Amino acid sequence: MEITVKTLEGADAGTITLSDAIFGLEPRIDLLQRVVRWQLAKRQAGTHKTKTRAEIARTGKKMYKQKGTGSARHHSARANLFRGGGRSHGPVVRSHAHDLPKKVRALGLKHALSVKAGTGAIVILAAAAAEAPKTKAVKAQLDKLGLANALFITGAEVDTNFGLATRAIPNVDVLPVQGINVYDIMRRQTLVLTKDAVDAIEARFRVEA
């Protein structure tokens, strides 16, 4: 797959050939769903918790005598049916993460890249760098390229000025190539890769193969 390389100023900077083994697959929604679900489950804190009756700071003294009151028989006020008592079957601190084979994760990333390439929602930049950390200047460049909702994947490191300039622009995310993931790719309308990012992605999958 051959695609034109652009500069941030909107000029053409040659062409690049994308690997069909990475960017030309027939997308499988089931794989994308599995990987996104795995990512979101892994990021859940799992710190929600309620107290059981053993953790309630309340007297354990019997509320009233067993017989003769005409009321139900009760003992501790910490029992779960009383207001201020414990909680029955409440949430406990736990991890929501689940396993997903590494091959499935890698294949999911390929299919996410293929979705963007197949729908024409991918842009290749010669570089993602700014002369100064000026949001207004970078925003004007992105508007000229039609990038209102985009994920930028740069090389091994994000250019400091570009990262600072885009930080205040809504619906624009910038990640180094090591941070590329299915969820962030799918949540943005356009995927923007630098030439360095393309080389790193293709090299990564060559090693994994």
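Definitions and limits used
- Residues numbered from 1 in each chain as written.
- Predicted model: local features only at pLDDT ≥ 70, side-chain atom pairs only at ≥ 80, totals over all residues.
- Heavy atoms only, no water.
- Helix = DSSP H or I, 4+ residues; strand = E, 2+ residues; numbered from the N terminus.
- Polar contact = N/O pair within 3.5 Å; in protein donor to acceptor, adjacent residues only side chain to side chain.
- Contact = heavy atoms within 4.5 Å.
- Core = buried A, V, L, I, M, F, W, Y, C linked by side-chain atoms within 4.5 Å.
- Buried < 20%, exposed > 50% of the residue type's maximum accessible area, 1.4 Å probe, protein only.
- Pairing = 2+ DSSP bridges.
- Right-handed = clockwise from strand over helix to strand, strands pointing away.
- Axes fitted to C-alpha atoms, helices over the stretch in contact; angles between N-to-C directions.
- Left-handed = near helix turned anticlockwise from the far one by under 90°.
- Nonpolar A, V, L, I, M, F, W, Y, C, P; charged D, E, K, R; others polar.
- Salt bridge = Lys/Arg side-chain N within 4 Å of Asp/Glu carboxyl O.
- 1 Å grid on protein atoms, 1.4 Å probe; cavity = no way out; pocket = protein on both sides within 12 Å on 5 of 7 lines; lining within 4 Å.
- Points joined across faces, edges and corners; volume = space filled by probe spheres on them.

Novice: For this particular structure, what's the right way to read the side chain of His96?
Specialist: By the secondary structure assignment, His96 is in the loop between helix H2 (29–43) and helix H3 (102–118). For His96, the side chain forms a polar contact with the side chain of Arg94, separated by 3.3 Å. Discounting chain neighbours no more than four positions away, the residues touching His96 are Ala41, Gln44, Gly46 and His48.

Novice: Would you mind showing me how to read the nonpolar core here?
Specialist: Most often, soluble globular proteins keep nonpolar side chains buried together rather than apart. Core analysis: the largest hydrophobic core is formed by 33 residues, its most contacted members being Leu113, Ile122, Ile124 and Leu193. Ignoring any residue separated from it by four or fewer positions in sequence, one finds Leu113 in contact with Ile22, Phe23, Ile180, Ile185, Leu191 and Ile201. The next biggest cluster of nonpolar side chains, apart from the first, holds 15 residues, and it includes Leu125, Ala128, Phe162 and Ile169.

Novice: Can you help me understand the pairing of strand S5 (residues 172–175) in this one?
Specialist: Successive residues of a regular strand alternate their side chains across the two faces of the sheet. Pairing of strand S4 (residues 150–153) with S5 involves four bridges; the strand directions are parallel. Across the sheet, Phe152 pairs through a bridge with Val174, a residue of S5. Running through helix H5 (residues 160–166), the crossover from S4 to the neighbouring parallel element S5 is right-handed.

Novice: I keep staring at unusual backbone geometry and nothing clicks. Help me out?
Specialist: Among all residues save glycine, negative phi is the norm, and among peptide bonds the norm is trans. For His89, which is not a glycine, the phi torsion comes out positive at approximately 55°. Note on placement: His89 falls in the loop between H2 and H3. For His89, a relative accessible area of 83% gives the class exposed. In this structure, Asn171 takes a positive phi of about 65° despite not being glycine. On the secondary structure map, Asn171 appears in the loop between H5 and S5. When its relative accessible area of 39% is taken as the criterion, Asn171 is described as partly exposed.

Novice: Would you take a moment to explain the packing of H2 against H3 for this structure?
Specialist: Relative placement of two packed helices is described by the angle separating their axes and the distance separating the axes. Where H2 contacts H3, the axes come no closer than 9 Å and their chain directions differ by 115°. Relative to H3, H2 is oriented so that their crossing is left-handed. Together, Leu31, Leu32, Arg34, Val35 and Trp38 of H2 and Val104, Arg105, Leu107, Gly108, His111, Ala112 and Val115 of H3 make up the contact between the two elements. Looking at the contact of H2 with H3 residue by residue, the class counts come to eight nonpolar, two polar and two charged.

Novice: Help me understand the pattern of salt bridges, please; the structure alone is not making it clear to me.
Specialist: Note that side chains of opposite charge can pair when their charged atoms are close. Under the definition given, this model contains seven salt bridges. The shortest N-O distance in the salt bridge between Asp173 and Arg187 comes to 3.0 Å. You can see Asp173 sitting in strand S5 and its partner Arg187 sitting in helix H6 (residues 182–187), a full 14 residues away along the chain. Residue Asp173 is classed as partly exposed on the basis of its relative accessible area of 21%. Overall, the relative accessible area of 39% leaves Arg187 in the partly exposed class. Each of Asp173, Asp184, Arg187 and Arg188 takes part in salt bridges that share partners, so that together they form one network.

Novice: What's the story with the layout of surface pockets in this structure? I'm lost.
Specialist: It is the rolling of a water-molecule-sized probe over the atoms that shows where space remains empty. Taken as a whole, the largest pocket encloses approximately 230 Å³ of empty space. For the largest pocket, the lining is made up of twelve residues, of which Trp38, Arg105, Ala106, Ile180 and Arg204 are closest to its centre. Those elements giving two or more residues to the lining of the largest pocket turn out to be H2, H3 and helix H7 (195–208). For the lining of the largest pocket, the leading source of residues is H3, giving four residues. Counted by class, the lining of the largest pocket contains six nonpolar, two polar and four charged residues.

Novice: Hey, could you run me through the environment of Ile124 in this one?
Specialist: Relative to the assigned elements, Ile124 resides in strand S3 (residues 122–125). Measuring from C-alpha to C-alpha, the distance between Ile124 and Lys195 comes to 6.6 Å, with 71 residues separating the pair along the chain. The residues touching Ile124, leaving out its near neighbours within four places in the chain, are Ile3, Thr4, Val5, Lys6, Ile16, Leu18, Leu193, Lys195 and Val198.

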